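Each chain is listed here by its residues.
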Amino acid sequence: QVQLVESGGGLVQPGGSLRLSCAASGSILSIYGMNWYRQGPGKQRDLVATISRSGSANYADSVKDRFTISRDNAKNTEYLQMNSLKPEDTAVYYCNADITVVVGTLRNYWGQGTQVTVSS
């Protein structure tokens, strides 16, 4: 069984920074693409950033140049460094990853989410 556990959310003032972490655990063979999504109040869940196993990253236009996604393959962990935070970044942030636990079987997993609130 695979679990993704996020941490690092909280309350921050506009212009501040937070770093989210997502640790994968269980009988993992390999982790491929890792992603961060977010869902604001009354909104749909949107893709924020993606990172390949080799470290190639892509971002939503709304967070480009403010957020940085990274990963540590040895620790099965991904990160989201969020700088210059705005009130509109307020959302529940979810990590997501494509993981194999058995050779030839790739599945997509979600974390439980962590709340980020940007407010003065």
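Note: the structure precedes this text.
Cut-offs used in this document
Residue numbering note: each chain is counted from 1, following its sequence as written. It should be noted that, the model being predicted, local features are given only for residues of pLDDT at least 70 and side-chain atom pairs only at 80 or more, the latter also being counted only at that level, while totals for whole chains, interfaces and linings use all residues. Think of the side-chain values as coming from all heavy atoms in the structure, minus any hydrogens and water. Salt bridges are defined by distance alone: a side-chain nitrogen of Lys or Arg within 4 Å of a carboxyl oxygen of Asp or Glu. Here the term buried applies to any residue with accessible area under 20% of the maximum for its type, exposed to any over 50%, and partly exposed to those in between, with areas from a 1.4 Å probe on protein chains only. Each helix corresponds to a stretch of at least 4 residues labelled H or I by DSSP, and each strand to a stretch of at least 2 residues labelled E; elements are numbered beginning at the N terminus. Defined by distance alone, a disulfide is two cysteine sulfur atoms within 2.5 Å. Stacked, edge-to-face and tilted are the three classes for Phe, Tyr and Trp ring pairs, Trp counted by its six-membered ring, which pair at centre distances within 6.5 Å; planes under 30 degrees apart are stacked, over 60 edge-to-face, the rest tilted.

Colleague: Please set out the pattern of salt bridges residue by residue, giving values where relevant.
Modeller: Under the criterion given, the structure shown has 3 salt bridges. Between Asp61 and Lys64 there is a salt bridge, with the nearest N and O atoms lying 3.1 Å from each other. On the accessibility criterion, Asp61 (65% relative accessible area) is exposed. Residue Arg66 is joined to Asp89 by a salt bridge in which the shortest nitrogen-to-oxygen separation is 2.8 Å. Of this pair, Arg66 sits in the loop between β6 (57-59) and β7 (67-72) while Asp89 is found in the loop between β8 (77-82) and β9 (91-102), placing the two residues 23 residues apart along the sequence. Since its relative accessible area comes to 10%, Arg66 is described here as buried. Taken together, the salt bridges that share partners define one network made up of Arg38, Arg66 and Asp89.

Colleague: Talk me through the state of the cysteines; I want residue IDs and the actual numbers.
Modeller: Scanning the model with the defined rule gives 1 disulfide in all. Through a disulfide, Cys22 is tied to Cys95; the S-S separation comes to 2.1 Å. Disulfide Cys22-Cys95: the torsion about the S-S bond is 50 degrees, which places it as right-handed. In this pair, Cys22 sits in strand β3 (residues 18-25) while Cys95 sits in strand β9, placing the two residues 73 residues apart along the sequence. One exposure class covers both Cys22 and Cys95, and it is buried.

Colleague: Account for the packing of aromatic side chains, naming residues and giving values.
Modeller: Scanning the entire structure with this criterion turns up 2 aromatic pairs. Their ring planes at 55 degrees and their centres at 4.8 Å tell us that Tyr37 and Trp110 sit as a pair that is tilted. Taken together, the residues Tyr37 in strand β4 (residues 30-39) and Trp110 in strand β10 (residues 105-110) connect sequence positions 73 residues apart. Residue classification places Trp110 among the partly exposed positions, given a relative accessible area of 39%. A ring pair is formed by Tyr94 and Trp110, whose centres lie 6.4 Å apart and whose planes are at 85 degrees; its orientation type is edge-to-face. Linking Tyr94 in strand β9 with Trp110 in strand β10, this pair joins segments that are 16 residues apart in sequence. Here a set of aromatic residues connected by ring pairs shows up, and it is made of Tyr37, Tyr94 and Trp110.

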